[in-house]
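# A closer look at the structure
Residue strings, one per chain:
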Amino acid sequence: MADKPVNPPVELTRSEAEIILQQWLGQAVRCRGLRPLTGGCVNTVIEVHFDHSLSPVVFKMAHGPGFGEGEHAILDFYRKNTRFPVPEPYFYDTSASELPYSYLIMQRLPGENMGSASRWMNSSDRLQVERQIAEAVAELHTYTRERFGGFREQGSDLPWGEQFQRSVLREYRRAEATGLLSSETQRKVLRLIEQIPRVLEAPAKPTLVHGDIWATNIMIDHTQQGAMLSGFLDARGFYAHPEFELAYLEIWHTVGPTFFEVYTQTHPLVEGYEVRRLFYWLNTLLIHVHYFKEQYYVSATENLTKQLAKMFL
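Residues numbered from 1 in each chain as written. Predicted model: local features only at pLDDT ≥ 70, side-chain atom pairs only at ≥ 80, totals over all residues. Heavy atoms only, no water.

Across its full length, the chain carries 10 helices and 11 strands. Its C-alpha radius of gyration of 20 Å places the chain within 12% of the 20 Å reference for a compact globule of 313 residues. For the chain, the proportion of its 313 residues judged to be buried stands at 53%. Sequence separation of 24 or more characterises 69% of the internal contacts of the chain that already satisfy a separation of 6 or more. (Helix = DSSP H or I, 4+ residues; strand = E, 2+ residues; numbered from the N terminus. Rg over C-alpha atoms; globule rule 2.2 N^0.38 Å. Buried < 20%, exposed > 50% of the residue type's maximum accessible area, 1.4 Å probe, protein only. Contact = heavy atoms within 4.5 Å.)

So, in structure tokens, the structure goes:
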């Protein structure tokens, strides 16, 4: 999984940070320091230290207006309606009126992301964290409603397979536009997309999902009891087939057998998941071809397409 920026990073100064802090707190405070954080693929993420009891916090920022309100609403929804651990959202400004940035201010969760924490976690730590991730995801997947779609939307009456088919076709068109996929791969992907409603016909209640769980979006704290899950970043806020979440957890090797041992105690896997997950992986890889345009993702997409073609074409 790539974590290089898609957009130019925001180069925030201390004086600019103090302007933002005053907008939020309604009083002038001194900024003590700024530290860029890893993992902000689309937006810039900065740890901000300042003279206040809430210090430090995280600024998530974008150039120009428009960013902030959506993610604030998602975090607020998770915190008010679930026990799934996400940062508390404090403040946002989408206007870019005083500074040429829009932003979200949120709680700084304890610890560091799972990718960075891997340098000190031992095998016992990893198993403990994997169990905690499984418990959190299993609990999240108990929140259901009648329709698939965003939490602020009514949702669609279309079956999941047809909805996901539309999503994959959209991502394919964006990946195709890069010019990086071979003509053979393009032909096969289009034919595979036709198969999706039939392959993903396994019924499931729409469940609330995170939608983007990988190592950089998992915060781990180093405690006296070992590695402890402190929360999840970048939750997307929608209702989907739970296998969408499980497949994403596996494509980047974020979790292994221990996760599924715990998760399946309350949510048994439906036969055929190992095959259906390949279509979810195809969607994810097409997204990464579009955003990152790297040969690694192009090759992975072409290899997976060949694998699926042998099974379904």
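Let us look at the layout of surface pockets. Roughly 340 Å³ of internal volume is contained in the second largest pocket. What lines the second largest pocket is a set of 23 residues, and nearest its centre among them are L37, T38, N113, M219 and L233. For the lining of the second largest pocket, the secondary structure elements donating two or more residues are β1 (31–36), β3 (57–63), β5 (101–107) and β6 (112–113). Classifying every residue of the lining of the second largest pocket by side-chain character gives nine nonpolar, nine polar and five charged. (1 Å grid on protein atoms, 1.4 Å probe; cavity = no way out; pocket = protein on both sides within 12 Å on 5 of 7 lines; lining within 4 Å. Points joined across faces, edges and corners; volume = space filled by probe spheres on them. Nonpolar A, V, L, I, M, F, W, Y, C, P; charged D, E, K, R; others polar.)

This part covers the pattern of salt bridges. Inspection of the entire model under this criterion finds 17 salt bridges. E47 is paired through a salt bridge with R108; the nearest N and O atoms lie 2.7 Å apart. Of this pair, E47 sits in strand β2 (residues 44–50) while R108 sits in the loop between β5 and β6, and the two are 61 residues apart along the sequence. Where E171 meets R174, a salt bridge forms, and the shortest distance between an N and an O atom there is 3.2 Å. Of this pair, E171 and R174 both sit in helix α5 (residues 160–176), separated by three residues, roughly a single helical turn. Salt bridges here are not isolated pairs; linked through shared partners, they connect R35, E47 and R108. (Salt bridge = Lys/Arg side-chain N within 4 Å of Asp/Glu carboxyl O.)

All right, on to the sheet that holds strand β11 (residues 238–240) then. Within a beta sheet, neighbouring strands are joined by backbone hydrogen bonds and run either parallel or antiparallel to one another. Taken in spatial order, the three strands make up an open sheet running β7-β11-β8, and their pairing is antiparallel. The open sheet is flanked by β7 (149–150) and β8 (207–209), the only strands paired with a single partner. Bridge count between β8 and β11: three bridges; the pairing is antiparallel. Residue pairing in the sheet places L208 in a bridge with Y239 of β11. (Pairing = 2+ DSSP bridges.)

This part covers the nonpolar core. Ranked by size, the top nonpolar core spans 78 residues in total, and within it Y78, I133, I220 and F259 carry the most contacts. Here the element with the most residues in this core is helix α9 (residues 273–292); it accounts for 10 residues. Grouped together as the second largest cluster of nonpolar side chains are 18 residues, I20, L21, V29 and F59 included. (Core = buried A, V, L, I, M, F, W, Y, C linked by side-chain atoms within 4.5 Å.)

The five strands lie next to each other as β1-β2-β3-β5-β4, forming an open sheet whose pairing is antiparallel. Only two strands of the sheet have a single partner each, and these edge strands are β1 and β4 (89–93). Recorded for the sheet is a direction-independent mean angle of 25° between the axes of neighbouring strands. With five bridges joining them, β1 and β2 adopt antiparallel strand pairing. When the bridges of β2 are listed, P36 appears paired with I46. Sitting on the sheet, helix α1 (residues 14–25) is in contact with β1, β2, β3, β4 and β5, with an inclination near 110° to β1. Taken strand by strand, helix α2 (residues 69–81) contacts β3, β4 and β5, and its axis lies near 160° from that of β4. (Axes fitted to C-alpha atoms, helices over the stretch in contact; angles between N-to-C directions.)

Moving on, we get to helix α10 (residues 295–312). Given 3.6 residues per turn, any residue in an α-helix points the same way as the ones three and four places further on. Compared with the 26 Å implied by 1.5 Å per residue over 18 residues, the 25 Å span of α10 between its first and last C-alpha is a close match. Summarising the contacts, the buried residues of α10 are in contact with α6 (183–199) and α9. (Expected span 1.5 Å × (residues − 1).)

Turning our attention to the environment of N43. Take N43: it is sitting in the loop between β1 and β2. When the C-alpha atoms of N43 and H63 are compared, they prove to be 8.5 Å apart, with 20 residues separating the residues in sequence. Residues within four places of N43 in sequence aside, it is in contact with K60, M61, A62 and F67.

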